Amino acid sequence: MKTLNSEHLPPVRKGKSAGTGAFTLIELLVVIAIIAILAAMLLPALNKAKEKARGISCLSNVSQISKATKMYVDENAGKLMPLWRDRNTPGWAAWVYDPPSFVVHNPQVLWWQDALRVGGYMPSRKVFDCPSVKGMAVSSGGGSVSTNNSLGIAMNHREFAQTMNASVATRPMRSEAQVQRPAAAIIYADAGAVTDASKGLGPDDWLPDLKFDAVAAAYGGGGCSYFRVPSDGGFSVGDSRSLARHSRRANFGFFDGHAESRRNSSVGYNLPRTSEGALWAIDHLSLNEPP
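Below or above, wherever it landed, is the structure these notes cover.

Quick notes on the rules
- Residues numbered from 1 in each chain as written.
- Predicted model: local features only at pLDDT ≥ 70, side-chain atom pairs only at ≥ 80, totals over all residues.
- Heavy atoms only, no water.
- Helix = DSSP H or I, 4+ residues; strand = E, 2+ residues; numbered from the N terminus.
- Buried < 20%, exposed > 50% of the residue type's maximum accessible area, 1.4 Å probe, protein only.
- Contact = heavy atoms within 4.5 Å.
- Areas by Shrake-Rupley, 256 points an atom, 1.4 Å probe, with all protein chains shown as cover.
- Pairing = 2+ DSSP bridges.
- Salt bridge = Lys/Arg side-chain N within 4 Å of Asp/Glu carboxyl O.
- Phe/Tyr/Trp six-rings, centres within 6.5 Å; stacked < 30°, edge-to-face > 60°.

Some remarks on the overall build of the protein chain
Here is step 1 of the chain: For the protein chain, the count of helices and strands is two helices and nine strands.
Here is step 2 of the chain: Secondary structure elements in the protein chain, listed N-terminal to C-terminal, are α-β-β-α-β-β-β-β-β-β-β.
Here is step 3 of the chain: Within the span of the protein chain, comprising 291 residues, buried residues form 45% of the whole.
Here is step 4 of the chain: When contacts within the protein chain are restricted to residue pairs at least 6 apart in sequence, those whose partners lie at least 24 apart make up 64%.
Here is step 5 of the chain: For the protein chain, the accessible surface area stands at approximately 14700 Å², while carbon and sulfur atoms represent 61% of it.

Here you go:
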């Protein structure tokens with residue numbers, strides 16, 4: 001029998017160990033680089049999909065609020081609830097302030113969200129939030145602050161939203177009789193403060209003012225409970241306007257109870273209230289705001 005010596009042994013291969021299938025350092029780096037490139041390509045699409053989902057969820061919230069408001073109006077002699085009313089307003093039912101369950105935190109004032117909630121028209125507190133706004137509304141405009149909610153779905157001020165206290169206790173609430181075209185009259189919208197730099201731009205380019213909520217800065221700015229329209233003397237202030245948070249579109253709720261996702265520029269902020277294209281107006285009959 002012949003014996004093998006070292007001269008007859010097969011050569012030893014360098015690199016991968018026989019039977020282990022291990023990567024070399026260069027191969028491992030190549031794989032990592034490919035994964036990083038794929039992740040960079042997929043991340044924008046993933047973020048876009050997430051924002052689309054948040055926009056759909058927000059639209060559902062706006063729709064539910066609009067329908068709940070329609071129920072309130074139907075059961076209250078055709079009258080709309082105030083933007084807010086204080087405890088000293090005569091002729092209105094009292095309420096018990098319970099901070100953990102309230103949407104807006106002010107023991108002396110009942111905001112429209114809690115009027116719907118306390119009245120049983122919309123029990124869910126989270127429905128009043130835009131999902132794209134992540135931080136709590138701790139510095140929201142007009143005192144509509146909250147440590148429970150991010151807000152961001154707001155009422156049209158002053159076409160529909162009016163305040164109520166003892167000094168204006170005889171002020172008539174907005175009524176459905178004033179709305180000439182319920183399916184073309186916006187009562188709710190995505191909203192928040194806008195930057196000074198964007199106030200002079202078109203509605204599609206209004207940018208959220210990030211100073212109101214640092215946490216919410218990357219998610220459409222801080223939320224608010226009202227948004228101003230051209231008939232409001234404070235419209236130019238920009239403390240709250242409708243905002244196109246969802247892929248350059250905003251969600252709007254209409255007086256008849258339906259909701260739509262539309263361009264901010266499509267609601268006619270540049271048009272007089274007499275124009276049928278001025279969807280922000282409660283009616284289109286006069287240049288003057290209704291009493």
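From this point on, the discussion continues.
Some points on the pairing of strand β5 (residues 186-192)
Here is step 1 of the chain: Within β5, seven of the seven residues are buried, which leaves it mostly tucked inside the rest of the structure.
Here is step 2 of the chain: The pairing of strand β3 (residues 153-157) with β5 spans three bridges and is antiparallel. Note that in β5 the partner of Met155 across the bridge is Tyr188.
Here is step 3 of the chain: Pairing geometry for β5 and strand β8 (residues 250-254), over three bridges, is antiparallel. By the bridge assignment for β8, Ile186 is matched with Phe254.
Here is step 4 of the chain: Note: β5 against strand β7 (residues 241-242), two bridges, orientation antiparallel.

Quick look at the sheet that holds strand β2 (residues 109-111)
Across a sheet, paired strands are connected by hydrogen bonds in the backbone, their directions being either parallel or antiparallel.
Here is step 1 of the chain: Here three strands make up an open sheet; going across it, the order is β2-β1-β4 and the pairing mixed. Two strands close off the open sheet at either side, each with one partner strand: β2 and β4 (163-164).
Here is step 2 of the chain: Sheet analysis places strand β1 (residues 84-86) next to β4, joined by two bridges and oriented parallel. Across the sheet, the residue bridging to Trp84 is Thr163, located in β4.

Let's talk about the pattern of salt bridges
Here is step 1 of the chain: Counted by the stated rule, this structure contains twelve salt bridges.
Here is step 2 of the chain: Of the charged contacts, one joins Asp196 and Lys199 as a salt bridge, the two residues approaching to 2.8 Å between their closest N and O atoms.
Here is step 3 of the chain: The class for Lys199 is partly exposed, based on a relative accessible area of 24%.
Here is step 4 of the chain: Between Arg228 and Asp232 there is a salt bridge, and its shortest N-O distance comes to 2.8 Å. Residues Arg228 and Asp232 agree in their burial class; the two are buried.
Here is step 5 of the chain: Among the charged side chains, a salt-bridge network with shared partners connects Glu159, Arg273 and Asp283.

Examining the packing of aromatic side chains
Here is step 1 of the chain: Applying the stated criterion across every chain, the model contains eight aromatic pairs.
Here is step 2 of the chain: Residues Tyr72 and Tyr121 carry aromatic rings whose centres are separated by 5.4 Å and whose planes lie at 65° to one another, so their mutual orientation is edge-to-face. Highlighted residues: Tyr72 in helix α1 (residues 25-75) and Tyr121 in the loop between α2 (112-118) and β3, separated in sequence by 49 residues. Taken as a pair, Tyr72 and Tyr121 share a single burial class, namely buried.
Here is step 3 of the chain: Consider the rings of Trp206 and Tyr269, whose centres lie 5.4 Å apart with planes at 40°: the pair is tilted. Taken together, the residues Trp206 in the loop between β5 and β6 (226-228) and Tyr269 in the segment after β9 (259-262) connect sequence positions 63 residues apart.

A word on the pairing of β9
Here is step 1 of the chain: Sheet topology note: the β8/β9 ladder contains four bridges and is antiparallel. When the bridges of β9 are listed, Asn251 appears paired with Ser261.
Here is step 2 of the chain: Counting the residues in the hairpin turn of β8 and β9 gives four residues, including Gly257, whose phi is positive at 105°.

Keep in mind these numbers describe shape, not what the thing actually does.
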